[in-house]
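So you can see what is in the structure, the chains are spelled out below.
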Amino acid sequence: MQFHRPVMVAEVLAYLGAEEGGLFVDATLGLGGHTEAILQASPRNRVVGFDRDAEAVELARRRLARFGERFEAFHDDYRHLKQKFIEKGVGPIKGLLADLGVSSFQLDTPERGFSFRPTDKLATGPPLDMRMDRTESMTAADLVNRLSERELAEIIWRYGQERAARRIARQIVEARARAPITTTTQLAELVVRAVPQTGKWRIHPATRTFQALRIAVNRELEGLEEFVADGVELLAPGGRLVVITFHSLEDRPIKQALKFLSGHCICPPQQPDCRCGTTRRVEVLTRKAIRPSAAEISANPRARSARLRACRKL
């Protein structure tokens, strides 16, 4: 099979200090591309990987089996990282990585329902699923067919930043009154009808709606700041945290968490005195988010939205 191409590999290795050797955690293992690079960077490296997608974990285990005991993987949410490490009694971590993007494996598997691109594999169109963890019960179809028009519009606006959220929600509610919406093809066609555009599309009109539903189904924005704080707590002194985001909704809480942990007040500007209680626990290594090179974007267009932020524990 063709493996997912990890983004910004050289930058990840550099900011993690992977050539120095130690215990690393890949909090979003996927198919193991970043983990493979870390393991290859030094024979003294060990990696513990976490992923919400059980199928991805199994494929990563097969891919990385040659590294033997240097690699261990768990089917679990990265937000449970602190609890898991306390249970296992694992020592301090040299480096922690989280790549918050959807993997090509998920996007390119029609049965997973992440993409609205037409496919010959499923005659009726991909199911409207979008679950990263298929042991969870709620799917995108559940949201689309059960939520009120107002709730749908709120999700599409908040998580997709879609200006036509109300029109799209109204189109969905009118269509589902006739028959349930069960495939990505049906939903994409509804959005196109709700958001008529002339000329060539820069991006497909359904892109933001699909992003919004995916975020809602997987609760992707929940606990990001807590994850950063927990990750820093698990790091050894001098340990590194690297986070890759793919849109501003993810990047903003990561930036805010790093600002707080680096000792900068995050209280509202109009507040007369600081009440957030910040103390300097990390040094931020990326003054601005690092972006992929033009060469990488050319070779891997899905990398174009990636943003990398990193810090070092004091």
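Predicted, not measured: the structure shown is a model, and the values here were computed from it. (Residues numbered from 1 in each chain as written. Predicted model: local features only at pLDDT ≥ 70, side-chain atom pairs only at ≥ 80, totals over all residues. Heavy atoms only, no water.)

S.K.: Looking at this model, I keep getting lost on the overall build of the protein chain. Mind explaining?
M.R.: The number of helices and strands found in the protein chain is 13 helices and 7 strands. For 314 residues, the compact-globule estimate of 2.2 N^0.38 gives 20 Å, and the protein chain sits close to it at 21 Å. Oriented by its inertia axes, the alpha-carbon framework of the protein chain measures out at about 60 × 60 × 40 Å. Classification of the 314 residues of the protein chain by burial places 52% in the buried group. A fraction of 66% describes how many contacts in the protein chain between residues 6 or more apart in sequence connect residues 24 or more apart. Summing over all exposed atoms, the protein chain offers an accessible surface of approximately 15700 Å²; the carbon and sulfur share of this is 50%. Distance from the positive charge centre (50 side chains) to the negative charge centre (39 side chains) of the protein chain: 5 Å. (Helix = DSSP H or I, 4+ residues; strand = E, 2+ residues; numbered from the N terminus. Rg over C-alpha atoms; globule rule 2.2 N^0.38 Å. Buried < 20%, exposed > 50% of the residue type's maximum accessible area, 1.4 Å probe, protein only. Contact = heavy atoms within 4.5 Å. Areas by Shrake-Rupley, 256 points an atom, 1.4 Å probe, with all protein chains shown as cover. Lys, Arg positive; Asp, Glu negative; His and termini not counted. Charge placed at Lys NZ, Arg CZ, Asp CG, Glu CD.)

S.K.: When you look at the side chain of Arg63 in this model, what are you seeing that I'm missing?
M.R.: By secondary structure assignment, the location of Arg63 is in helix H3 (residues 54-63). Of the residues examined, Arg63 reaches a relative accessible area of 14% and is grouped as buried. Engagement of the side chain of Arg63 in a polar contact is seen with the backbone oxygen of Leu31, the distance being 3.1 Å. (Polar contact = N/O pair within 3.5 Å; in protein donor to acceptor, adjacent residues only side chain to side chain.)

S.K.: Any chance you could explain helix H9 (residues 184-194) here in plain terms?
M.R.: Note that an α-helix has 3.6 residues per turn; residues three or four places apart therefore point the same way. Residues of H9 that are buried include every one of Thr184, Leu187, Ala188, Leu190, Val191 and Ala194, and no others. Along the axis of H9, the buried residues cluster in a sector spanning 160°; they form a single face. Elements in contact with the buried residues of H9: helix H6 (140-146), helix H8 (165-176) and helix H10 (207-218). (Arc of directions from axis to C-beta.)

S.K.: Help me out: how do you make sense of the packing of aromatic side chains in this one?
M.R.: The way to describe two aromatic rings as a pair is by their centre distance and the angle between their planes. Taken as a whole and judged by the stated rule, the model has 3 aromatic pairs. Considering the side-chain rings of Phe50 and Phe85, the 6.0 Å spacing of their centres and the 35° angle between planes classify their relative orientation as tilted. One end of the pair, Phe50, is in strand E2 (residues 45-51); the other, Phe85, is in helix H4 (residues 81-88), with 35 residues separating them in the sequence. For the pair Phe50 and Phe85, one class covers both residues: buried. Centre to centre, the rings of Tyr78 and Phe227 are 5.0 Å apart; their planes meet at 75°, and the pair counts as edge-to-face. On the criterion of sequence distance, the pair formed by Tyr78 in the loop between strand E3 (71-75) and H4 and Phe227 in helix H11 (residues 224-234) is long-range, its members being 149 residues apart. As far as the burial class goes, Tyr78 and Phe227 line up, both buried. Feature note: the residues Phe50, Phe74 and Phe85 constitute an aromatic cluster, connected by ring pairs. The residue whose ring lies beneath Arg79 is Tyr78, and the NZ or CZ to ring-centre distance is 5.1 Å. (Phe/Tyr/Trp six-rings, centres within 6.5 Å; stacked < 30°, edge-to-face > 60°. Lys NZ or Arg CZ within 6 Å of the ring centre and 35° of its normal.)

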